[in-house]
Amino acid sequence: MKLTRRDALALGAGAAVFAVAGGRAGSAWAGLEDTEKAVMEFTGGATPASGRITLDAPEIAENGNTVPISVSVESPMTDDDYVASVLILAEGNPNPDVATLHFTPMSGAAEATTRMRLAKTQNVIAVAKMSDGSVFMDKKEVKVTIGGCGG
Amino acid sequence: MDIRKLGLAAALGLTAGMAFGPAQSDPVDDTLVIDGETEITTRAKAVEGVPFDEVISGWHYRTDETREVEADSFANPGMLYVERGEEIWNTVDGAAGKSCASCHDNAAESMRGVGAEYPKWNAAAGKPYNLELFINDHRVEKMQAEPYKFDAADQKALVTFVKHQSFGMPVKVDLEAGDMKAWWEQGKERYYTRTGQLNMSCATCHEDNNGNYIRADHLSQGNVNGFPTYRLKQSNMVSLHNRFRGCIRDTRATYPAAFSDDLMALEVYVTWRGTGLSVETPAVRQ
Amino acid sequence: MAEPKPRVKVPKTASKGDVVTIKTLISHEMESGQRKDKEGNVIPRKIINKFTCTFNDKEVFSCDLDPAVAANPYFEFNAKVDESGTFVFTWVDDDGSVYTSESEIEVN
C-alpha cells in the first residue's frame, strides 16, 4: 500500500494517542516523510502492493530495546524467481532505517528473524523487492510502553 | 483487587503518578523446557513461612516472546556471557599466576550445585557470602589479583558462568549455618519495611500486588532464581544487587551500597523465599 | 564486554535439497550514536554494519544493519544445501574490525 496523506494523518493521530515520552527530548524523530522517502529509494519509485510479505512483531513489546521481528515472503526462491531484498523501517525512530536483508536462491526460503529497537509506539514496515523488481509491503503497529520498573 | 489495594493504588496514583493498574492477570500457564529437552521447575510448593501456597518464577509473568527467548539456549543472549565467563574462568590473572581453573579445574564438575546454595554462611567473614564476594576473596587471597569492582563486566560474566553450572538445580539456602537465621530475620524486616517517597516495601509490589500491573509491568513474586539475569532493557546481564538497588531507587528512597549488610540480608531472605525453584541463570526478563 | 564473540548454530548433517535453519548471535553493544554520556557528549556510533553468510563461497544471506538493530545482534535465516561444505559467517564493525566464524555441514 502507498502511504497516502490520509494514512499519514490517521497514523499521526494514533501516535499521539499511544506515544509515551521518549528519553531523548529535543531529538528529531523520523517522520512519515523520511519513511516514505526510504521506501521510494528502495523500490525505485514504485508503490509497494500488499500481499506476499508477512511481518511478525509483538502487538506490545515487553521492552523497546529488544523487540523480536520476523519477515516471511512467499516465493519459489528459484534462480529465476526469488526475493532479492527486504527493507525494514520503523517510522517513529530517530532514523527510520532498521536493516536491509538480502536473500539469494540459496536462502531456500525468504524468512528471517532479528531483534530491533523501537523508541516509542509506532508502525514497523517491511518492504520486499522480488528478483523481477516487483515490490510488496506489510506493516504492524507495535506498542512500546514505559513500565513501572522495566521501562 | 480488594479495597485495601484499591486504596493503595488510588493513593499512589494521586500522590505519585504511579498506579497499580486495575488489570489483574494470572501468571501464564506454561512450562519452561529448554531446547525442548530440559524441564525447569518454575513453580514449587512454598516452604513453611512463605506467604504463598506456591512460589512462581518471574518467567511466568513475561510475554510469549520473552519466554520463548529463555526457552532457546541459543537465542538467549545471556549465554554469550556464560561463554565469556568460561574464558575468564580459564584465564590466569594476578601475581600468583593462577586462574579459577588452576584450583577448581572443570567448573562443570567443581561448581555443579555451588551457585544453588548461595548466599551461604562464611564463618571466616562472620556473614553470609554471595558468589561475588566469594570470587573476590579468592581473587585477592589465592590469585593475588584485584577484586572486581561492583558490576564490572567480568564480574557479571564470571558469576553468570558459575551460577549457570547449577542450571536446573533447586535453590536451597542453608539457614542453619552460623548466624544465618539472624540475617534472615534482618532481611525479612527489610522486605516488609516501607521506604522512600512512595512509601513502598518489597512486599507492596511482590506480595500484595503480584499479578497486578504497575503501569505496564506485570508484577512477579520477585523470586531471584534467575540472577544474574539478561534484561531486555539493558541488553546486558543485570546482577541481583543492581536489581535490588533499582527497585529501592524506584520507591524514591536512598539505596544501600551493593553487598552492604542491608542488601546481603535481603539477598538471604529473598533467595530463601524461592526455595525449590530451579536456578534459571541466565534468565531473560524485560 | 571483551572482543565481540560470534555464536552460530548450524545442523551438522542434512539431506540434499534440505532447507536448514541457521541462527547467529554476536556480543556487541551496537552503540547507536544517539546516546549521550554523563557529561552530555554524544557517544560515537559503533555498530556491526554488515553481516554475511556464504556457503562454499556463494552468498546465502546478508544484512545491512542500522543502529536500530538491538544490542547483541541476532539473526535466524535459512539455507538450501545441495552438497557438503562450509558456511562462513562475517560481521563487519564500524571500526573496521571483522569477526568471522565457520561451520561445516555434511549433506547426504
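Cut-offs applied
Residues numbered from 1 in each chain as written. Chains lettered and ligands numbered in written order. Predicted model: local features only at pLDDT ≥ 70, side-chain atom pairs only at ≥ 80, totals over all residues. Heavy atoms only, no water. Helix = DSSP H or I, 4+ residues; strand = E, 2+ residues; numbered from the N terminus. Buried < 20%, exposed > 50% of the residue type's maximum accessible area, 1.4 Å probe, protein only. Contact = heavy atoms within 4.5 Å. Areas by Shrake-Rupley, 256 points an atom, 1.4 Å probe, with all protein chains shown as cover. Pairing = 2+ DSSP bridges. Expected span 1.5 Å × (residues − 1). Arc of directions from axis to C-beta. Buried area = accessible area lost by both parts, 1.4 Å probe. Salt bridge = Lys/Arg side-chain N within 4 Å of Asp/Glu carboxyl O. Core = buried A, V, L, I, M, F, W, Y, C linked by side-chain atoms within 4.5 Å. Domains from an automatic or database assignment. Polar contact = N/O pair within 3.5 Å; in protein donor to acceptor, adjacent residues only side chain to side chain. Nonpolar A, V, L, I, M, F, W, Y, C, P; charged D, E, K, R; others polar. Phe/Tyr/Trp six-rings, centres within 6.5 Å; stacked < 30°, edge-to-face > 60°.

**Focus: the overall build of chain A**
Line of reasoning, step 1. Looking only at helices and strands, chain A has two helices and nine strands in total.
Line of reasoning, step 2. When the elements of chain A are put in sequence order from the N terminus, they spell out α-α-β-β-β-β-β-β-β-β-β.
Line of reasoning, step 3. Buried residues in chain A amount to 48% of all 151 residues.
Line of reasoning, step 4. Of the contacts formed within chain A by residues at least 6 apart in sequence, a portion of 65% connects residues at least 24 apart.
Line of reasoning, step 5. Surface summary for chain A: the accessible area is close to 6,400 Å², and the carbon and sulfur share equals 51%.

**Section: the pairing of strand β8 (residues 98–107) of chain C**
Residue and element names in this part refer to chain C.
Line of reasoning, step 1. Covered by surrounding structure in β8 are Y99, S101, S103, I105 and V107 only, the residues V98, T100, E102, E104 and E106 on the alternate face being uncovered.
Line of reasoning, step 2. Bridge count between strand β2 (residues 13–14) and β8: two bridges; the pairing is parallel. Bridge assignment links T13 to a residue of β8, and that residue is E106.
Line of reasoning, step 3. In terms of strand pairing, strand β7 (residues 85–93) meets β8 through eight bridges, oriented antiparallel. Across the sheet, G85 pairs through a bridge with I105, a residue of β8.
Line of reasoning, step 4. Counting the residues in the hairpin turn of β7 and β8 gives four residues, including G96, whose phi is positive at 95°.

**So, helix α8 (residues 180–192) of chain B**
For an α-helix, 3.6 residues make a turn, and residues three or four places apart therefore share a direction.
Residues and elements named next belong to chain B.
Line of reasoning, step 1. Between its first and last C-alpha, α8 extends 18 Å over 13 residues, near the 18 Å set by a 1.5 Å rise per residue.
Line of reasoning, step 2. Those residues of α8 not exposed but buried are M180, W183, W184, G187, R190 and Y191. Buried residues of α8, seen end-on, are gathered within an arc of 120° and therefore sit on one face of the element.
Line of reasoning, step 3. In this fold, the buried residues of α8 make contact with β6 (120–122), β7 (127–129), α9 (202–208), α10 (240–250) and α11 (261–273).

**Some points on the interface of chain A and chain C**
Line of reasoning, step 1. Contact with chain A, which involves 24 residues of that partner, is made by 29 residues of chain C.
Line of reasoning, step 2. In total, chain A and chain C occlude about 2,200 Å² of area from one another, counting both sides; carbon and sulfur atoms represent 51% of this.
Line of reasoning, step 3. When the area that chain A buries against chain C is broken down by residue, the three leading residues are M106(A), R115(A) and R117(A), summing to 32%.
Line of reasoning, step 4. Applying the counting criterion to the chain A and chain C interface returns zero salt bridges.

**Things to note about the nonpolar core**
Line of reasoning, step 1. Core analysis: the largest hydrophobic core is formed by 56 residues, its most contacted members being V86(A), L101(A), F61(C) and F87(C).
Line of reasoning, step 2. With near-sequence residues (within four places) excluded, V86(A) lies in contact with F42(A), I53(A), V71(A), V73(A), A99(A), T100(A), L101(A), F103(A), A126(A), V127(A) and A128(A).
Line of reasoning, step 3. In this structure, I88(B), W121(B), V159(B) and W184(B) belong to the second largest nonpolar core, which totals 50 residues.

**What to know about the domain arrangement of chain B**
All names here are of chain B.
Line of reasoning, step 1. As far as domains go, chain B holds domain 1 (23–76 + 170–285) and domain 2 (78–164).
Line of reasoning, step 2. Of note, the centres of domain 1 and domain 2, computed from C-alpha atoms alone, are 22 Å apart.
Line of reasoning, step 3. Taken together, the 32 residues of domain 1 in the interface contact 26 residues of domain 2.
Line of reasoning, step 4. Summed over both sides, the interface between domain 1 and domain 2 buries roughly 2,400 Å², with carbon and sulfur atoms accounting for 65% of that surface.

**Concerning the pairing of strand β6 (residues 74–81) of chain C**
Residue and element names in this part refer to chain C.
Line of reasoning, step 1. The buried count for β6 comes to six of eight residues, which makes it a mostly enclosed element.
Line of reasoning, step 2. Examined bridge by bridge, strand β3 (residues 18–26) and β6 share eight bridges and lie antiparallel to one another. Note that in β6 the partner of L25 across the bridge is Y74.

**Details of the pattern of salt bridges**
Line of reasoning, step 1. For the coordinates displayed, the defined rule picks out 26 salt bridges over all chains.
Line of reasoning, step 2. R43(B) is the salt-bridge partner of E54(B), the closest N and O atoms lying 2.9 Å from each other. Within this pair, whereas E54(B) is found in strand β5 (residues 54–56), its partner R43(B) is found in strand β4 (residues 43–45), the two being separated by eleven residues in sequence.
Line of reasoning, step 3. For E54(B), a relative accessible area of 31% translates into the label partly exposed.
Line of reasoning, step 4. Bridged by salt links that share partners, the residues E83(B), R84(B), E87(B), D154(B), K5(C) and R7(C) form one connected network.

**Some points on the interface of chain C and chain B**
Line of reasoning, step 1. Each side of the interface is counted separately: chain C has 14 residues, and chain B has 15 residues.
Line of reasoning, step 2. Taken together, the two surfaces of chain C and chain B that pack against each other cover about 1,300 Å², and 62% of this comes from carbon and sulfur.
Line of reasoning, step 3. Our count for the contact surface shared by chain C and chain B stands at four salt bridges.
Line of reasoning, step 4. The residue K5(C) makes a salt bridge to E83(B) at a minimum N-O spacing of 4.0 Å.
Line of reasoning, step 5. At the junction of chain C and chain B, the tally comes to six residue pairs in polar contact (both at pLDDT 80 or more).
Line of reasoning, step 6. Counting only elements with at least two residues in the side of chain C that touches chain B, the list comes to β1 (6–9) and β3 of chain C.
Line of reasoning, step 7. Of the residues forming the side of chain C that touches chain B, the biggest block, four residues, is contributed by β3(C).
Line of reasoning, step 8. Classifying every residue of the side of chain C that touches chain B gives seven nonpolar, three polar and four charged.

**Regarding the packing of aromatic side chains**
Line of reasoning, step 1. Summed over all chains, the structure comprises 18 aromatic pairs over all chains.
Line of reasoning, step 2. Their ring planes at 45° and their centres at 6.1 Å tell us that Y81(B) and Y230(B) sit as a pair that is tilted. On the criterion of sequence distance, the pair formed by Y81(B) in helix α3 (residues 78–89) and Y230(B) in strand β10 (residues 229–231) is long-range, its members being 149 residues apart. Of the two residues, Y81(B) and Y230(B), both sit in the buried class.
Line of reasoning, step 3. Relative to F75(C), the ring of F51(C) has its centre 5.1 Å away and its plane inclined at 15°; by these criteria the two rings are stacked. Residue F51(C) is located in strand β4 (residues 48–55), and its partner F75(C) is located in strand β6; the two are separated by 24 residues in the primary sequence.

**A word on α11(B)**
All names here are of chain B.
Line of reasoning, step 1. Here α11 is 13 residues long and its end C-alpha atoms lie 18 Å apart, about the 18 Å a rise of 1.5 Å per residue gives.
Line of reasoning, step 2. For α11, the tally of buried residues reaches eleven of 13 residues, placing the bulk of the element in the interior.
Line of reasoning, step 3. The complete set of buried residues in α11 reads L263, M264, A265, L266, E267, V268, Y269, V270, T271, W272 and R273.
Line of reasoning, step 4. Packed against the buried residues of α11 are β5, β7, α6 (131–141), α8, α9 and α10.

**A closer look at the environment of N78(C)**
Line of reasoning, step 1. Along the chain, N78(C) turns up in strand β6.
Line of reasoning, step 2. When its relative accessible area of 7% is taken as the criterion, N78(C) is described as buried.
Line of reasoning, step 3. Placed 35 residues apart in sequence, N78(C) and I43(C) show a C-alpha to C-alpha distance of 35 Å.
Line of reasoning, step 4. Residues contacting N78(C), with those up to four places away along its chain left out, are M106(A), S107(A), A109(A), E111(A), V19(C), V20(C), T21(C) and V60(C).
Line of reasoning, step 5. Within polar-contact distance, the side chain of N78(C) engages the side chain of T21(C) at 3.4 Å.

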